[in-house]
Amino acid sequence: ALGPPASLQALLAARLDALPAPDRRIDQDASVLGLSFTKAGIAALTPSDIDLDGALNALLRKEILIVDNDPRSPERGQYRFVQALLRSCAYDTLSRRDRYSRHLAVAQHLARLPDADTIAGVLAAHYLDALAAMPDAPDATQLRDQAAALLEQAAVHAAGVGAPRDALAHYDQLLHMSLPDEAIVRLTQTAST
């Protein structure tokens, strides 16, 4: 796969580096949430000493973020990065430790949502991203177990709502994790039914 030219990445990184510290922090936090995010999601990551509304408005004015106003969109009212590459550059500026802690903060926020059981795959992805950032974290085994349980829950949910490809993708992720043999046998049997 070809990536963007280094000069374009450098240009975008310089643009993000020129942001005031609070705006840059919000931009980095948003990059952990994904290409689009809710105000509640970014608020869960924002330190209390940062003016969230001011930073979001500044990022909107600088055309780093936009608000989805399409009345037909399920993401109406959510913030979104203007370009995926801007999100990627912001994410790349985070240290491994910051990625780890922010992915865990996002997972904790999402786990408190009333429909958290329907987004188990998203929760698992944040735990796995935290592990990828710091594989030697003291709680790595616990996070891996949580991610595995959530992936299994997501696979069962996907199969239950008639999305077999999604279910198989979740099972495939599970089978590529370092799981005990009995778990692999159980998952293989469940996935084949």
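The preceding data block contains the structure.
Residues numbered from 1 in each chain as written. Predicted model: local features only at pLDDT ≥ 70, side-chain atom pairs only at ≥ 80, totals over all residues. Heavy atoms only, no water.

### A word on unusual backbone geometry
Moving on, step 1. The phi torsion at glutamate 63 lies on the positive side, around 55°, for a residue other than glycine.
Moving on, step 2. Within the element layout of this structure, glutamate 63 appears in the loop between helix 4 (52-61) and strand 2 (65-67).
Moving on, step 3. Here glutamate 63 falls in the exposed class, since its relative accessible area comes to 55%. (Helix = DSSP H or I, 4+ residues; strand = E, 2+ residues; numbered from the N terminus. Buried < 20%, exposed > 50% of the residue type's maximum accessible area, 1.4 Å probe, protein only.)

### A closer look at the sheet that holds strand 3 (residues 79-81)
Moving on, step 1. Pairing within the open sheet is antiparallel, and its 3 strands lie in the order 1-3-2. Every interior strand has two partners, whereas the edge strands, strand 1 (36-37) and strand 2, have only one.
Moving on, step 2. Where strand 1 lies against strand 3, 2 bridges are found, and the strand directions are antiparallel. Looking across to strand 3, one finds that serine 36 is bridged to arginine 80. (Pairing = 2+ DSSP bridges.)

### Digging into helix 6 (residues 96-111)
Moving on, step 1. Between the first and last C-alpha of helix 6 there are 22 Å, a value that for 16 residues agrees with the 22 Å anticipated at 1.5 Å per step.
Moving on, step 2. Among the residues of helix 6, those classed as buried are Tyr100, Arg102, His103, Leu104, Val106, Ala107, His109 and Leu110.
Moving on, step 3. Looking at the packing, one finds that the buried side of helix 6 touches helix 2 (21-33), helix 3 (39-45), helix 5 (84-92), helix 7 (120-133) and helix 8 (140-160). (Expected span 1.5 Å × (residues − 1). Contact = heavy atoms within 4.5 Å.)

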